[in-house]
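Descriptive structure summary
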Amino acid sequence: MIVIENVTKHFGDFIAVNDVSFTVNNGEIVGFVGLNGAGKTTTIRMIAGVLIQDNGRIKVDDHDTISEKKEVSKNLGWVPELPIFEQDAKAWDYFVYLAGFYGISSNDAKRMARQLFDELGLAGFEKRKLATYSQGMKKRFSLAVSLISNPGNFIFDEVFNGLDPQGIQFFRDLASKFRNEGKAILLSSHILSELESIADKIVFIHKGRIIKQMSMDEVRRYVSPSLKIKVDRVSVELIDYLSKYGKVREEGGYIIIDNFNGNTADVSKEISALNLNLYEMSVSSSSLEEVFFKVIGDQK
Amino acid sequence: MNPLIYDFRRTFLRFSVLFFLAIFILAGIGIVYSSYSSIAKNITQKTNMIAGIWEENGTNIIGYIFNNQGDGVSGKVEVLVNGSLIGSTSTQTGYFRLKFPLNGSELSKDLEKGIKVVASTSLGYVEVPFQVQYIQIGAVQPSNQFISIVHENISVNYFNSYLGYFGYAPNNEAFSLVDGKLIFLYLGNSGEVNYSVYYGYSNLSEVSVFPVSQTSATISKTLMFAGTGEGISIFHVKMSKTNGFFTVKLVLPKSNETSIISSRYSALIPLEVDVMSSFPSGVSLFATLFPIIFLYLVYSMISKPLGSGAMEFLLARPITRDSIYINRFIAGTLTAILSSGILTLSIGLTISLLYGISPPFNFYGLIFLGITGDIMGFFSLYTLLAILIKKTSGYLGLSIVFYLIFTIFWGTLALLLSGGMFNLSAIERNEYLLDYFNPGGSLSFSEYYILRAIGEVNSISVVNPAFVVVSSLLWIIVPSIIGLIRFRRMNLI
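Residues numbered from 1 in each chain as written. Chains lettered and ligands numbered in written order. Predicted model: local features only at pLDDT ≥ 70, side-chain atom pairs only at ≥ 80, totals over all residues. Heavy atoms only, no water.

Digging into the overall build of chain A
- If you tally the helices and strands in chain A, you get 11 helices and 14 strands.
- Within chain A, buried positions represent 51% of all 300 residues.
- Within chain A, contacts between residues at least 6 apart in sequence are counted, and of these 66% link residues at least 24 apart.
- Here chain A displays about 13,300 Å² of accessible surface, and carbon together with sulfur accounts for 45% of that area. (Helix = DSSP H or I, 4+ residues; strand = E, 2+ residues; numbered from the N terminus. Buried < 20%, exposed > 50% of the residue type's maximum accessible area, 1.4 Å probe, protein only. Contact = heavy atoms within 4.5 Å. Areas by Shrake-Rupley, 256 points an atom, 1.4 Å probe, with all protein chains shown as cover.)

What to know about the overall build of chain B
- A count of helices and strands for chain B gives 11 helices and 16 strands.
- Within chain B, the proportion of its 493 residues that are buried is 54%.
- A separation threshold of at least 6 residues defines the contact pool for chain B, and within that pool the share at least 24 residues apart is 67%.
- About 21,500 Å² of surface is accessible on chain B, with carbon and sulfur atoms providing 60% of the total.

Some words on the sheet that holds strand 9 (residues 201-206) of chain A
Residues and elements named next belong to chain A.
- Pairing within the open sheet is mixed, and its 6 strands lie in the order 6-7-8-3-9-10. The sheet terminates laterally at strand 6 (76-79) and strand 10 (209-215), the two strands that pair on one side only. Averaged over all adjacent pairs, the angle separating strand axes in this sheet is 15 degrees, with direction ignored.
- Packing against the sheet, helix 5 (residues 135-146) makes contact with strand 6 and strand 7 (153-157), and its axis sits at approximately 175 degrees to strand 6. (Pairing = 2+ DSSP bridges. Axes fitted to C-alpha atoms, helices over the stretch in contact; angles between N-to-C directions.)

Here we look at the interface of chain B and chain A
- The interface of chain B with chain A comprises 28 residues on the first partner and 33 residues on the second.
- In total, about 2,800 Å² of surface goes out of reach between chain B and chain A, with carbon and sulfur atoms giving 60% of it.
- In this assembly, chain B and chain A are joined by 3 salt bridges.
- A salt bridge links Glu312 of chain B to Arg45 of chain A, with the shortest nitrogen-to-oxygen separation between them at 2.7 Å. (Buried area = accessible area lost by both parts, 1.4 Å probe. Salt bridge = Lys/Arg side-chain N within 4 Å of Asp/Glu carboxyl O.)

Overview of the UniProt feature "transmembrane region" (unreviewed entry) in chain B
Residues and elements named next belong to chain B.
- In the numbering used here, UniProt assigns the feature "transmembrane region" (unreviewed entry) to residues 12-36, 279-299, 329-357, 363-388, 400-422 and 466-487.
- Secondary structure content for residues 279-299 is 100% helix and 0% strand, and the end C-alpha separation is 31 Å.
- As annotated, residues 363-388 has a helix share of 100% and a strand share of 0%, and its two end C-alpha atoms lie 37 Å apart. (UniProt positions renumbered as here; feature names shortened; annotations may be inferred.)

Let's talk about the side chain of Gln53 of chain A
Residue and element names in this part refer to chain A.
- Here Gln53 is to be found in the loop between helix 1 (40-47) and strand 4 (55-60).
- In terms of polar contacts, Gln53 uses its side chain to reach the backbone carbonyl oxygen of Gly56, at 3.3 Å.
- With residues up to four places along the chain from it excluded, the contact list for Gln53 reads Val7, Thr8, Lys9, Met46, Ile58, Thr65 and Ile66. (Polar contact = N/O pair within 3.5 Å; in protein donor to acceptor, adjacent residues only side chain to side chain.)

Brief notes about the pairing of strand 10 (residues 181-186) of chain B
Residues and elements named next belong to chain B.
- Counting buried positions along strand 10 gives 6 out of 6 residues, so the element sits mostly inside the fold.
- Both faces of strand 10 are covered, namely the face carrying Lys181, Ile183 and Leu185 and the face carrying Leu182, Phe184 and Tyr186.
- Pairing between strand 9 (residues 173-178) and strand 10: 6 bridges, direction antiparallel. Bridged to Ser176 within strand 10 is Ile183.
- With antiparallel pairing between neighbouring strands as the criterion, strand 9 and strand 10 make up a hairpin whose turn holds 2 residues, including Asp179 at a positive phi of roughly 50 degrees.

Examining helix 10 (residues 441-453) of chain B
Residue and element names in this part refer to chain B.
- Compared with an ideal rise of 1.5 Å per residue, which puts 13 residues at 18 Å, helix 10 spans 19 Å between its outermost C-alpha atoms and is within 8% of the ideal.
- Of the residues making up helix 10, those classed as buried are Gly441, Ser442, Leu443, Ser444, Phe445, Ser446, Tyr448 and Ile450.
- Backbone geometry just downstream of helix 10 places Gly455 in the positive-phi region, at approximately 75 degrees. (Expected span 1.5 Å × (residues − 1).)

Digging into the nonpolar core
- Ranked by size, the top nonpolar core spans 153 residues in total, and within it Tyr94, Phe141, Phe156 and Phe204 of chain A carry the most contacts.
- Not counting residues up to four positions away in its chain, the partners in contact with Phe141 of chain A are Phe85, Ala91, Tyr94, Phe95, Phe117, Leu122, Leu130 and Tyr133 of chain A.
- Among the nonpolar cores identified, the runner-up in size contains 17 residues, and Met49, Val77, Val81 and Ala119 of chain B belong to it. (Core = buried A, V, L, I, M, F, W, Y, C linked by side-chain atoms within 4.5 Å.)

Considerations on a positive patch on the surface
- Where like charges cluster on the molecular surface, the positive patch consists of Lys90, Lys110, Arg114, Lys127 and Lys129 of chain A together with Arg9 and Lys304 of chain B.
- Relative to the assigned elements, Lys127 of chain A resides in the loop between helix 4 (106-119) and helix 5.
- Taking the relative accessible area as the measure of exposure, Lys127 of chain A reaches 57% and is therefore exposed. (Patch = residues over 30% accessible without salt bridge, like charges linked within 9 Å, V, L, I, M, F, W, Y side chains within 5 Å. Lys, Arg positive; Asp, Glu negative; His and termini not counted. Charge placed at Lys NZ, Arg CZ, Asp CG, Glu CD.)

Comments concerning the confidence of the model for chain B
Residues and elements named next belong to chain B.
- Summary statistics for chain B give a mean pLDDT of 78 and a share of 77% for residues scoring 70 or more.
- Confidence over residues 132-149 falls short of pLDDT 50; this stretch has 48 contacts with residues more than four positions distant or in other chains.
- Of the regions scoring below 50 in pLDDT, residues 151-170 engages in 75 contacts with residues more than four places distant in sequence or in other chains. (pLDDT = per-residue confidence, 0-100.)

A few points about the pairing of strand 9 of chain B
- Most of strand 9 of chain B sits inside the fold, with 6 of its 6 residues counted as buried.
- Alternating residues of strand 9 of chain B divide into Glu173, Phe175 and Leu177 of chain B and Ala174, Ser176 and Val178 of chain B, and every residue in both groups is buried.

Comments concerning the packing of aromatic side chains
- Overall, the coordinates contain 46 aromatic pairs over all chains when judged by the stated rule.
- Relative to Phe178 of chain A, the ring of Phe156 of chain A has its centre 6.4 Å away and its plane inclined at 15 degrees; by these criteria the two rings are stacked. Taken together, the residues Phe156 of chain A in strand 7 and Phe178 of chain A in helix 6 (residues 165-180) connect sequence positions 22 residues apart.
- With a relative accessible area of 0%, Phe156 of chain A lands in the buried category.
- Judged by centre distance (5.8 Å) and plane angle (5 degrees), the rings of Phe8 of chain B and Phe12 of chain B are stacked. Taken together, the positions of Phe8 of chain B and Phe12 of chain B, both in helix 1 (residues 3-12) and 4 residues apart, correspond to about one turn of that helix.
- Given a relative accessible area of 21%, Phe8 of chain B falls into the partly exposed group.
- Of note, Arg140 of chain A hangs over the ring of Phe170 of chain A, and the distance from its end group to the ring centre comes to 4.5 Å.
- The cationic tip of Arg10 of chain B hangs over the ring face of Tyr97 of chain A; the distance from NZ or CZ to the ring centre is 6.0 Å. (Phe/Tyr/Trp six-rings, centres within 6.5 Å; stacked < 30°, edge-to-face > 60°. Lys NZ or Arg CZ within 6 Å of the ring centre and 35° of its normal.)

A short note on the pattern of salt bridges
- This structure, assessed with the given rule, holds 18 salt bridges over all chains.
- As a salt-bridge pair, Arg328 of chain B and Glu86 of chain A come within 2.7 Å of each other at their nearest N and O atoms. Here Glu86 of chain A lies in the loop between strand 6 and helix 3 (91-101) and Arg328 of chain B lies in helix 6 (residues 321-355), a pairing that spans two chains.
- Judged by its relative accessible area of 3%, Glu86 of chain A is buried.

Focus on unusual backbone geometry
- Positive phi is not limited to glycine here, since Asp61 of chain A has a value of about 50 degrees.
- Mapped onto the secondary structure, Asp61 of chain A falls in the loop between strand 4 and strand 5 (63-64).

Examining the sheet that holds strand 4 of chain A
- An order of 2-1-4-5 (chain A) is seen for the 4 strands of this open sheet, with the pairing classed as antiparallel. Two strands close off the open sheet at either side, each with one partner strand: strand 2 (14-24) and strand 5 of chain A.

Quick word on the packing of helix 8 (residues 392-417) of chain B against helix 9 (residues 424-435) of chain B
Residues and elements named next belong to chain B.
- The geometry of helix 8 relative to helix 9 is characterised by a closest axis approach of 8 Å and an angle of 130 degrees between their N-to-C directions. The angle between helix 8 and helix 9 places the two elements in the oblique class. For the crossing formed where helix 8 meets helix 9, the hand is right-handed. Contacts between helix 8 and helix 9 involve Trp410, Leu413, Ala414, Leu415 and Leu417 from the first element and Ile427, Asn430, Glu431, Leu434 and Asp435 from the second.
- Classifying every residue of the contact of helix 8 with helix 9 by side-chain character gives 7 nonpolar, 1 polar and 2 charged. (Parallel < 35°, antiparallel > 145°, perpendicular 65-115°, else oblique. Left-handed = near helix turned anticlockwise from the far one by under 90°. Nonpolar A, V, L, I, M, F, W, Y, C, P; charged D, E, K, R; others polar.)

Structure representation (structure tokens):
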């Protein structure tokens, strides 16, 4: 479990993170959403213990990130958005070196490396310098290193960024797997559709502040769905008739009922009663992106 | 794997470190060899001579031609008076005796003009001039043995030959001290058969009294040439390890007389002085240029990971900032120690192999500490700069500026502080004063102590061993501690 309490971080006069608090529970995937420069990565770096907050406290499995840094690092895996390694190091050697920080002997580390490199699709690239790795390979290598101690908590920072569909699927499945194993996952992404499908909770950060925390159910409820229908003939009579279900507008040959508050079966029946042919009907929920911008808009 | 071992391996077993270490070792060997070649030319002259002259039924000359080990060498001996040959002989054993018909007054006149004994051997050519000035030759009694003068060869270079007191007065005895052998020449009264020789070392500036601690010299070989007890003898003596005066006491039992002669003594023979001087020269290139390798190492191990963000990934492991910093500092320190050690040993062994003379252990120690302190001082400074200036280009630029200031412009600063280049003692003094404020100052001080030990420089008041140690340590400790404190709290992005 990751607990962030009233954390603030300044860079000179600039307040990058301002009194941020939220929790990532075990068995939970929390989406961390914000515009560029909102403070996501700064918050993540502080959770990872590589940046020291000015105020507040961060705990990972009840260990303080400052006073118990080593314990925190053992219990936390971190895959950064752009993993940067010491460029002249070879993947295999660097893995064994980093495993040394976990107190793992050279032989055990080599055995572990062989297994993880196989599992994560890095087999055959062990002897290559990390500088030659693609972005996806670097993320997989970061993951391999993070798995050394099999931590109970993970941070994926913009992990889908720069990956091909296969890579995105890999990390999405992995996050789900970790959740099922009871791990706490903090997942920041600007590809919000990816979060929609796997996150249990969304934390919105804007200009260094947490502006909203919502469960996915709350997100879905936050903006009502729209009903989109296509009929053979649009008439004023039809539009008037449908107005009782919501705000009706015509767009590109479709009739869209925003804030739809009826049910689709009733609408279908009524269209038939008007002797109109119904070609297409679908309900669309608001996307997370729309929710996000609505939340930001609410803050203004 | 222990991360410290990995960091050390990545530091020391780096191609650039090993390559340049090899280059500097080869360059150092080259410098030593160059000195050796230069010295070798001078040490080809290995003929040495000690000789005495007296009048007894004509003019008598005895002498001994010997090599650098005090062993006699064969050759031809000629006596020239005013450039004219008046007698010659040859010797197989090195000992020679010549007699020619000059009476006392003629000898006196010739001594005023100059009598020269010239020896030619396969090892070279040497001459001993007898010339008496400011002496009342005429006052000398025209007796059988009215004058005797002894003299040793003074043309010996790179060779431990010590002159007995000669001055401008005739003397009855002289000595050369060579490689544990005292070659003693005595022209005394006939009848003094079993004279004894004692010797001792003293640190007194001028010895008129025999040192309290005296040792009886063990006679090795005596060759009688003159009267019954007179001639040239070789005694075994123990060479001292410290500089001072070597004094010989001659005891004549029959007349109950003693005679004391002494000479300045250097624990190192001149050859060794040159050899030991080549030790600091051999490591100088390494000491001057290896800090640049450490500039690059700090760039690679600290500045670049900080600037690129790689340090963050490392810090996300179960390790504290202190541990990362200390690990890398220790890795650099071990690299400095190992590189300096390998270089010191290489140069020292090269000297031993080329010259057959091993530098003393304390010279090894001084050189090793000097260059290690020099490299560590720069390493510590670079580390601090890398922490203070996260931008790698800024680190590189400023480090190079500091390197140039401390290695090139520091000497100019000493000149400026001394008001020009003519006040040599002030320049020397200011150079050493400024070395306290130079991360590479320890090397300068180690060279100073080596040159002091071999008598090549005089004592300089501002060089204080305690200050030297403290300043060298402070250059290593202070920047590294400030760097650590700064690294603990710095933002890595």
